Structure formats: C-alpha cells, structure tokens
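# Geometric and topological summary
Each chain is listed here by its residues.
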Amino acid sequence: MKTITLKVNGREEKLTLAPHRTLLDVLREDLGLTGAKRGCEAGECGACTVILNGKPVNSCLVLAVELNGAEVLTVEGLGGPGALDPLQQAFIDHFALQCGYCTPGMLLMGKALLAQNPRPSEDEVKEYISGNLCRCTGYENIVKAIMAVAAGGEQDG
Ligand code: FES
Ligand code: FES
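First, a word on what this report is: a plain description of the structure on this page. Within each chain, residue numbers correspond to sequence positions counted from 1 in written order. Working convention: letters from A go to chains and numbers from 1 go to ligands, in the order in which they are written. Two thresholds apply to this predicted model, a pLDDT of at least 70 for residue-level local features and 80 or more for giving and counting side-chain atom pairs, whereas whole-chain, interface and lining totals are computed over all residues. Values reported for side chains reflect all heavy atoms of the structure, with hydrogen atoms and water molecules removed beforehand.

## Some details on the sheet that holds strand β2 (residues 11–17)
Put simply, the rule reads: Pairing between strands is defined by DSSP: at least two bridges between them are needed. Here a strand is any run of E in DSSP of at least two residues, a helix any run of H or I of at least four, and the numbering for each starts at the N terminus. Throughout, an axis means a line fitted to C-alpha atoms (over the contacting stretch in the case of helices), and angles, computed between N-to-C directions, take values from 0 to 180 degrees. Residues are treated as being in contact if the distance between any of their heavy atoms lies within 4.5 Å.
Ordered by their spatial adjacency, five strands build an open sheet running β2-β1-β5-β3-β4, and the pairing between neighbours is mixed. Two strands bound the open sheet, and with one partner strand each, they are β2 and β4 (55–58). Put simply, the sheet's adjacent strands are angled 40° from each other on average, direction ignored. Sheet topology note: the strand β3 (residues 49–52)/β4 ladder contains four bridges and is antiparallel. In the sheet register, Thr-49 faces β4, and the bridge partner there is Asn-58. Where helix α1 (residues 23–30) meets the sheet, it contacts β1 (2–8), β2, β3 and β5 (71–73), and its direction lies at approximately 110° from that of β2.

So, in structure tokens, the structure goes:
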C-alpha cells in the first residue's frame, strides 16, 4: 500500500492505495465520483476520460499510486446545476447530450481541446473526439456544440 495526495476537482484527497488500482477505480469506488464510466477498461472507448494535469487520459489505464501531487478534473468538477460550464450548456443547446456513458468523456475531451486550441476547425474537433466511441448516434451534434463554444468565445478556461 502507498499513500498519495491527489487534487480532484480542486479538493485535496489523501488516499492509501494498493499498487494495482487504476485512477478510474479510485475515482468511482473511493471518491464516489461516478461520472467517469467503466467501459472497455482497455483504453479503447474513452468512456473513462478525465483531465489529468491538463491533458485528457483514459483513467482505466493510469495507475493511481503514480499520481502523487497530480491534479484531476472529472465531469463533476466541470460544472453542475446552476453553474454549468459553457460547454455543458452548449451540449444542451445543440442536443448533443447522448447517453450517460459517453457524454462525460465527450465533454472532457471538448474541454481539453478548447483549452489547448480555442479555435479548432471542425476536422480538428472530429479528430480529437474520434477516440471516444459512441455506437448509438452520430457525432454531429457534439461537434456542433464544441464548435459553438469555440466560435462564441464562451470558454472560461
Ligand atoms: S474504460 Fe477506459 S477507455 Fe474504455
Ligand atoms: S454510447 Fe452514449 S449515446 Fe451511444
């Protein structure tokens, strides 16, 4: 077991962890943050996406014990009722909310993309979210929502 300190959605968390546990396990099971979803657990679906030290990662592939001092943003930290992130509002406005499985990952990928490239082209948006799988619907409204935030300059960083 190893004890680490992790900042999650702005809050310091002290955690004592077995070495095999993933960031996804710890978020969902120890911290009760179930926004990141357990899909393939093999780095292929993007349902478990969170932002780690400013970059999107598949949390199912990251060992939590290696994260001492790291910062994590999950969909719970993006915003909530009454204080939505502009991207969450855009997803609502553009009917981009899909099932609860893929949406958190899509939101965090969009957030990470806009932080690094506030004016992406449509192709760049498509490329960026291409690793987040949805087998049910199209990506069209998600792309529209991300483009709307980019065009509107609503990103709050
Ligand atoms: S659950 Fe992590 S990529 Fe699918
Ligand atoms: S996987 Fe979420 S709508 Fe298809």
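Let us keep going from here.
## Thoughts on the side chain of Thr-74
Topologically, Thr-74 is positioned in the loop between β5 and α2 (75–78). Setting aside residues no more than four positions away along its own chain, Thr-74 makes contact with Val-8, Asn-9, Leu-27, Leu-33, Val-50 and Leu-108.

## A closer look at the packing of helix α3 (residues 86–93) against helix α4 (residues 103–116)
Stated precisely, the cut-off is as follows: Should an angle fall under 35 degrees it is taken as roughly parallel, and over 145 as roughly antiparallel, whereas 65 to 115 is taken as roughly perpendicular and any remaining angle as oblique. Left-handed is the label given to a crossing in which the near helix is rotated counterclockwise from the far helix by less than a right angle, and right-handed is the label when the rotation is clockwise.
Viewed as axis vectors pointing N to C, α3 and α4 meet at an angle of 125°, and their least axial separation amounts to 10 Å. Put simply, α3 runs oblique to α4. In this structure, α3 crosses over α4, and the sense of that crossing is right-handed. Along the contact surface, α3 presents Leu-87, Gln-88 and Phe-91, while α4 presents Thr-103, Met-106, Leu-107, Gly-110, Lys-111 and Leu-114.

## A few points about the pattern of salt bridges
Quick note on the threshold: A side-chain nitrogen of Lys or Arg and a carboxyl oxygen of Asp or Glu constitute a salt bridge if their distance falls within 4 Å. Summary of the burial criterion: residues with accessible area below 20% of their type's maximum are buried, those above 50% are exposed, and those between are partly exposed, where the area comes from a 1.4 Å probe applied to protein chains only.
For the structure shown, the criterion picks out nine salt bridges. Here Arg-38 and Glu-29 are joined by a salt bridge, their closest N and O atoms 2.8 Å apart. Assessed through its relative accessible area of 23%, Arg-38 is described here as partly exposed. Here the salt bridges share partners, and the residues they tie into one network are Arg-21, Asp-25, Glu-29, Asp-30, Arg-38 and Glu-41.

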